[in-house]
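# Secondary and tertiary structure notes
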Amino acid sequence: MIAAPDRTPLTRSFFDRPVLDVAPDLLGRILVHHTADGPVELRLTEVEAYDGANDPGSHAYRGQTARNNVMFGPPGHVYVYFTYGMWHCMNLVCGPEGTASGVLLRAGEIVEGAEFARKRRLSARNDRELAKGPARLATALSVGRDLDGTDACTPGGSPFEVLHGTPVPADQVRNGPRTGVAGDGGVHPWRFWIADDPTVSPYRAHTPRRRRT
């Protein structure tokens, strides 16, 4: 008999660790977003670690700005950014306050509230694609820039919770280069995913955007 996932919320101390410890440990955890439609729950299957001032691929590499301010705050908060003029992506802040590290949530399996996610992801061909990629994940969970800075470690007082879930055994965790990251930041093998999980997004190397002439 398979045990049900543990629904105990993760505490702030879980996130108050080095980002390379937190990132793989998030696999198998359950992210809950209490939306206006109803709760949507997602089992995390793919993440990427970003290590602030030590990482050229991080938004915080060159210091604190209005955009990345949340990354410099307490661990366990949500950092949401807008990209390519159309998509949002969701991160969880890690490490002690002031270190500006975080984990990008790249993909997951919708385990509750799929009916709400389907309405937001009409182009998904099946439920495995609802949150297969960071922008799709944020869309399926109805995550926008207005949620930037939300505390995910205040049970009952936040729209977000991260539950203990079912941690993934080390032999089922894979890692490799981060997707779509250019330059020196692209060499770090800091993308972590669950082996053979169908909701994990495909790897894509960085492709420079063409400038309009």
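Note: the structure precedes this text.
Attention here is on the structure that accompanies the text. Think of each chain on its own: its residues are numbered from 1, step by step along the sequence as written. Predicted model: local features are reported for residues with pLDDT of at least 70 only, side-chain atom pairs are reported and counted for 80 or more only, and whole-chain, interface and lining totals are derived from all residues. With hydrogens and water set aside, each side-chain value is computed from the structure's full complement of heavy atoms.

So, on to the packing of aromatic side chains. Aromatic rings from Phe, Tyr and Trp, with only the six-membered ring used for Trp, were paired whenever their centres fell within 6.5 Å, and each pair was classed as stacked if the ring planes differed by under 30 degrees, edge-to-face if by over 60, and tilted otherwise. Applying the stated rule across the entire model yields two aromatic pairs. For the ring pair F14 and F15, a centre distance of 5.0 Å and an interplane angle of 75 degrees mean the geometry is edge-to-face. As far as the burial class goes, F14 and F15 line up, both buried. When the centroid spacing of 5.7 Å and the interplanar angle of 40 degrees are considered together, the rings of Y79 and Y81 count as tilted. Working definition: with a 1.4 Å probe on protein chains only, accessible area under 20% of the residue-type maximum means buried, over 50% means exposed, and in between means partly exposed. Note on Y79: relative accessible area 1%, which makes it buried. To sit over a ring, a charge needs its Lys NZ or Arg CZ within 6 Å of the ring centre and within 35 degrees of the ring normal. The cationic tip of R17 hangs over the ring face of F14; the distance from NZ or CZ to the ring centre is 4.6 Å. Its guanidinium or amino end placed over the ring of W193, R191 lies 4.1 Å from that ring's centre, counting from NZ or CZ.

The next subject is the layout of surface pockets. Of the pockets and cavities examined, the largest pocket occupies roughly 1100 Å³. In this analysis the probe radius is 1.4 Å and the grid spacing 1 Å, with only protein atoms considered; a cavity is a set of points the probe fits into but cannot get out of, a pocket is an open set with protein on both sides within 12 Å along at least five of seven lines, and lining residues have an atom within 4 Å of a point. Y84, C89, R106, P134 and T179 are, among the 39 residues lining the largest pocket, the residues nearest its centre. Here the lining of the largest pocket is built from residues that sort into 14 nonpolar, 14 polar and eleven charged. Grid points are joined across faces, edges and corners, and a volume is the space filled by probe spheres set on the points. Gly counts as polar in this scheme, as do all residues outside two lists: the nonpolar Ala, Val, Leu, Ile, Met, Phe, Trp, Tyr, Cys and Pro, and the charged Asp, Glu, Lys and Arg.

So, on to empty space enclosed by the protein. Counted by the stated rule, this structure contains one cavity of 30 Å³ or more. In this structure, the largest cavity spans a volume of roughly 30 Å³. Class assignment for the residues of the lining of the largest cavity results in six nonpolar, one polar and one charged.

Phi angles above zero are rare outside glycine, and A100 is one such case at about 60 degrees. Each helix corresponds to a stretch of at least 4 residues labelled H or I by DSSP, and each strand to a stretch of at least 2 residues labelled E; elements are numbered beginning at the N terminus. As for its placement among the helices and strands, A100 is situated in the loop between strand 5 (87–94) and strand 6 (101–112). Classification of A100 by relative accessible area gives buried; the value is 1%. Backbone geometry at S142 places phi at a positive 60 degrees, although glycine is not the residue there. Here S142 lies in the loop between helix 4 (134–140) and strand 7 (160–165). Judged by its relative accessible area of 37%, S142 falls in the partly exposed class.

Geometry only, nothing functional implied.
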